[in-house]
Amino acid sequence: MVGAGNAALTAALSASESNAQVLILEKASRSDRGGNTAISSGMMRHSHGGKADIIKLVDETPQCGWDGISIPPYFAGRFYDDIMSSSKGRADPVLARVLSEKSYETVRWMKEELGTKFVLNDALATVINGVLKFEGPEALKIKGGGIHMSNGLFEKCEVRHNVSIMYGCAVQGLLVESGKVNGVSISRNGRKEKIRAGSVILGSGGFESSKELRERFLGSRWGMAKVRGTSNNTGETMLAAIDAGAMMYGDMAGCHATQIDARAPNYGNPGLGDSTQRYSWPYCILVNKDGMRFADEGKDFINVSYAKLARDILMQRDAVAYQLFDGKTSGLLRDEYGSVTGITVQALDEFNGKIDVDTCQLMKTVKSFNKGAGRLGKFNSEIRDGCRTEGVEPPKSNWAQAIDTSPFTAYPVSCGITYTYGGLRIDDKAHVLRKDGTWVEGLYATGEITGGFFYGDAYPRGTGLMRGAVFGRIAGAEASASFK
Ligand SMILES: Cc1cc2nc3c(=O)[nH]c(=O)nc-3n(C[C@H](O)[C@H](O)[C@H](O)COP(=O)(O)OP(=O)(O)OC[C@H]3O[C@@H](n4cnc5c(N)ncnc54)[C@H](O)[C@@H]3O)c2cc1C
């Protein structure tokens, strides 16, 4: 097993259920373990038939009791449709089908066999006529977020007699004999070694943490992006698999990215989690260092527009922009804004010297924005309100109120990459495939290292963890069955 995020650990635990001997090789030290999984928010999208199915996954009865709660079903067919539509039909239909259809049984397995704890995702619930209504797709999240999930999976591995973990062990290559993968080459404590294995499962993440690979596959500006997750997902195992005959697959130029605090460190960690994200941009105007707007901040809800706007920011000078709010919208800011100080002034010209923006141009930009803002539609943060600009370039399509009420607050933001979309081609059994569709014998993959699921700017939120778990469980079972 290569890696020790959610994808690899579920694969390890699945394989160990069939009594296979499992060795997990993880690049990070024990204290830095967990990969992106340990940093994630822990939202998990899965299919279900409504409240009765959700009750089976949650241990604690909610305060208002189950009667006061409504959870619409989210059937596998809709999950499949969401994957296909968010990718504009480009996702691999076989992989999308497996992911959507096996998602519910996988979360049941995680709860019952691996001890993963789920709670209702009340951040996305709304009260309607006295009933608390949850979102079907993301009704649940991991209790305590990704770090708890990660710790729980490690604890489970540690008590299984047939699972061992080697930390500080960077896999550098694959050993191949007569076309079959039968081990890996590693570097550990400055020494290089070879480790033989009956089969190898790659769960070693995407390539988002390698500046060089970001520039090569995503484009040269991506070298300037910050990484929201671990610094360890540097893609060398993906390249090693390609050397061994595997097919590169999916949206190699695509990634999930979003606006994060421009002052955030270059890489994430479990302590930071998702606290650096800045998700209230639909209510602001975004200006670059030249004081100019450059994008439609209100094009759509955040989960549809985050990747595009993050990329737009990357294209600005120094890959930095400022979210500018006025007094009317400051009450709408999400919790994560509480963790930092925005730069607040009573009049726009007071920004001079306080933020790295051409303030004269900023004032002109706000003036011309305000001329065309708030004329059409009525502001409503809950819906695409059609409150749009008229005669303003670029337009703001929704939530376009004038920036005219003090105090004014600016938050510096930059592009934070979450993970890459392209990777290795797998089939429904998590076999890594060659271009001709045959299996690179002995090699399996799961999680962020695989491609073919996500494309372009939109992504069905909460599917990253689910994809790793569904195919991790399959990879572990298939790899251990291959020895029998
Ligand atoms: C801030 C943030 C919030 C997120 N929130 C969510 C969310 O709410 N819901 C959701 O579904 N997804 C979320 N995600 C995405 C999610 O974290 C990932 O999709 C998922 O964790 C990927 O799991 P993985 O096991 O494939 O990769 P990882 O968890 O990153 O694990 C990969 C492991 O491989 C190791 N590794 C890398 N290279 C090597 C090598 N050469 N040798 C040995 N080991 C190696 C790494 O050290 C790492 O431990 C979020 C991500 C971030 C960064």
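All residue numbers refer to position in the chain's written sequence, counted from 1. In keeping with the predicted nature of the model, local features appear solely for residues at pLDDT of at least 70, side-chain atom pairs appear and are counted solely at 80 or more, and the whole-chain, interface and lining totals rest on all residues.

Considerations on the overall build of the protein
- Along the backbone of the protein there are 11 helices and 21 strands.
- Within these notes, the globule rule equals 2.2 Å times the number of residues to the 0.38 power, and the radius of gyration is based on C-alpha atoms. Relative to a compact globule of 484 residues, whose C-alpha radius of gyration would be 23 Å, the protein shows 23 Å and is just as compact.
- Along the first, second and third principal axes, the C-alpha atoms of the protein reach 70 × 55 × 40 Å.
- To assign burial, the other C-beta atoms lying within 10 Å of each residue's own C-beta are counted, with C-beta atoms placed from the backbone; 20 or more indicates buried, 12 or fewer indicates exposed, and intermediate counts indicate partly exposed. Within the protein, buried positions represent 51% of all 484 residues.
- It is the C-beta atoms, placed from the backbone, that decide contacts: two residues are in contact if theirs lie within 7 Å. Pairs at least 24 apart in sequence give 74% of the contacts found in the protein among residues at least 6 apart. Runs of E in the DSSP output that reach at least two residues are strands. Runs of H or I that reach at least four are helices, and both are numbered from the N terminus.

Digging into the nonpolar core
- Ranked by size, the top nonpolar core spans 131 residues in total, and within it Ala8, Ala12, Ile201 and Ala241 carry the most contacts.
- The element best represented in this core is helix H11 (residues 463–481), accounting for 8 residues.
- Two domains each put at least three residues into this core: domain 1 (6–63 + 74–118 + 142–205 + 422–481) and domain 2 (257–416).
- Filtering out sequence-adjacent residues up to four positions away, Ala8 remains in contact with Met1, Val2, Gly3, Ile24, Ile201, Gly203 and Gly472. Buried Ala, Val, Leu, Ile, Met, Phe, Trp, Tyr and Cys residues whose C-beta atoms connect them within 7 Å together make up a nonpolar core. Just so you know, the domain bounds were taken from an automatic or database domain assignment.

A word on the site of the ligand
- In the vicinity of the ligand there are 43 residues, among which Gly3, Gly5, Gly35, Gly447 and Gly464 approach most closely.
- Those elements giving two or more residues to the shell around the ligand turn out to be helix H1 (6–17), helix H2 (35–39), strand E8 (169–177), helix H8 (236–243), strand E18 (408–420) and H11.
- Residue composition of the shell around the ligand, by class: 13 nonpolar, 24 polar and 6 charged. The rule is simple: place the C-beta atom from the backbone, and if it lies within 6 Å of a molecule or strand, the residue is near it. The classification used treats Ala, Val, Leu, Ile, Met, Phe, Trp, Tyr, Cys and Pro as nonpolar, Asp, Glu, Lys and Arg as charged, and all other residues, Gly among them, as polar.

A word on the domain arrangement of the protein
- Here the protein is described as being made up of domain 1 (6–63 + 74–118 + 142–205 + 422–481) and domain 2 (257–416).
- Relative placement of domain 1 and domain 2: their C-alpha centres are 36 Å apart.
- Contacts between the two partners involve 9 residues from domain 1 and, on the opposite side, 9 residues from domain 2.
- Looking at the side of domain 1 that touches domain 2, its residues break down into 4 nonpolar, 3 polar and 2 charged.

Some points on the sheet that holds strand E9 (residues 180–188)
- The pairing criterion for strands is at least two bridges between them, as found by DSSP. Read across the sheet, 3 strands follow the order E8-E9-E10 without closing on themselves; strand pairing throughout is antiparallel. The open sheet has two edge strands, E8 and strand E10 (191–196), and neither has a second partner. With strand direction ignored, the average angle separating the axes of adjacent strands in the sheet is 25°.
- Alignment of E8 against E9, held across 8 bridges, turns out to be antiparallel. Under this scheme, a helix contributes an axis fitted over its contacting stretch, all axes are lines through C-alpha atoms, and angles between N-to-C directions fall in the 0 to 180 degree range.

Details of the environment of Ile186
- Structurally, the position occupied by Ile186 is in strand E9.
- With 18 residues separating them in the primary sequence, Ile186 and Gly168 have C-alpha atoms 9.9 Å apart.
- The residues touching Ile186, leaving out its near neighbours within four places in the chain, are Leu25, Cys169, Ala170, Val171, Gln172, Glu193 and Ile195.

Structural notes on unusual backbone geometry
- Each neighbour pair has its own omega, and for Glu393 with Pro394 the value is -10°, a cis peptide bond.
- Position of Pro394 among the secondary structure elements: in the loop between helix H10 (359–372) and E18.
- The amide bond that connects Ser406 to the next residue, Pro407, takes the cis arrangement and shows omega of 0°.
- Looking at the secondary structure, you find Pro407 in the loop between H10 and E18.
- The backbone of Asn19 sits at a positive phi, close to 65°, despite the residue not being glycine.
- One non-glycine residue, Lys88, lies in the positive phi region at around 55°.

Overview of the sheet that holds strand E11 (residues 200–202)
- Strand order in the open sheet formed by 3 strands is E11-E21-E20, and the pairing between neighbours is mixed. The sheet is open, and its two edges are formed by E11 and strand E20 (431–433), each paired on a single side. Taken pair by pair, the neighbouring strands of this sheet meet at an average axis angle of 55°, ignoring direction.

Notes on H1
- Across its 12 residues, H1 extends 17 Å between first and last C-alpha, which sits within 8% of the 16 Å expected from 1.5 Å per residue.
- Among all positions of H1, only Asn6, Ala7, Ala8, Leu9, Thr10, Ala11, Ala12, Leu13, Ser14 and Ala15 are buried. In this scheme, a helix's expected span is set at 1.5 Å multiplied by one less than its residue total.

Comments concerning helix H9 (residues 302–314)
- Taking 1.5 Å of rise per residue, the 13 residues of H9 would be expected to cover 18 Å, and the 17 Å separating its terminal C-alpha atoms lies within 8% of that figure.
- Along H9, the positions that sit buried rather than exposed are Ser305, Tyr306, Ala307, Leu309, Ala310, Arg311, Asp312, Ile313 and Leu314.
- Lining the buried residues of H9 we find strand E14 (255–261), strand E16 (320–325) and E18.

Brief notes about the pairing of E10
- In terms of burial, E10 is a largely surface element, 0 of the 6 residues being buried.
- As paired elements, E9 and E10 share 6 bridges and run antiparallel to each other. In the strand pairing of E10, Ser187 is matched with Lys192.
- A loop of 2 residues connects E9 with E10, the two strands running antiparallel in sequence, and Asn189 in this loop sits at a positive phi of about 50°.

Looking at the packing of H1 against H11
- Axis separation between H1 and H11 bottoms out at 7 Å; the angle between their running directions is 35°. In this structure, the crossing between H1 and H11 has a hand that is right-handed. On the side of H1, the interface is formed by Asn6, Ala7, Ala8, Thr10, Ala11, Ala12, Leu13, Ser14 and Ala15, while H11 contributes Leu465, Gly468, Ala469, Phe471, Gly472, Arg473, Ala475, Gly476, Ala477, Ala479 and Ser480.
- Here the contact of H1 with H11 is composed, by residue class, of 12 nonpolar, 7 polar and 1 charged. Left-handed describes a crossing in which the near helix is turned anticlockwise from the far one by less than a right angle; the clockwise case is right-handed.

Describing the packing of helix H5 (residues 93–114) against H11
- Here H5 crosses H11 at 80°, and the two axes come no closer than 9 Å. In terms of orientation, H5 and H11 fall into the roughly perpendicular class. In this structure, H5 contributes Val98, Leu99, Lys102, Ser103, Thr106, Trp109 and Met110 to the contact, and H11 contributes Met466, Arg467, Ala469, Val470 and Arg473.
- A per-class count over the contact of H5 with H11 returns 7 nonpolar, 2 polar and 3 charged. Any angle that is under 35 degrees is reported as roughly parallel, and any over 145 degrees as roughly antiparallel; angles of 65 to 115 degrees are reported as roughly perpendicular and all others as oblique.

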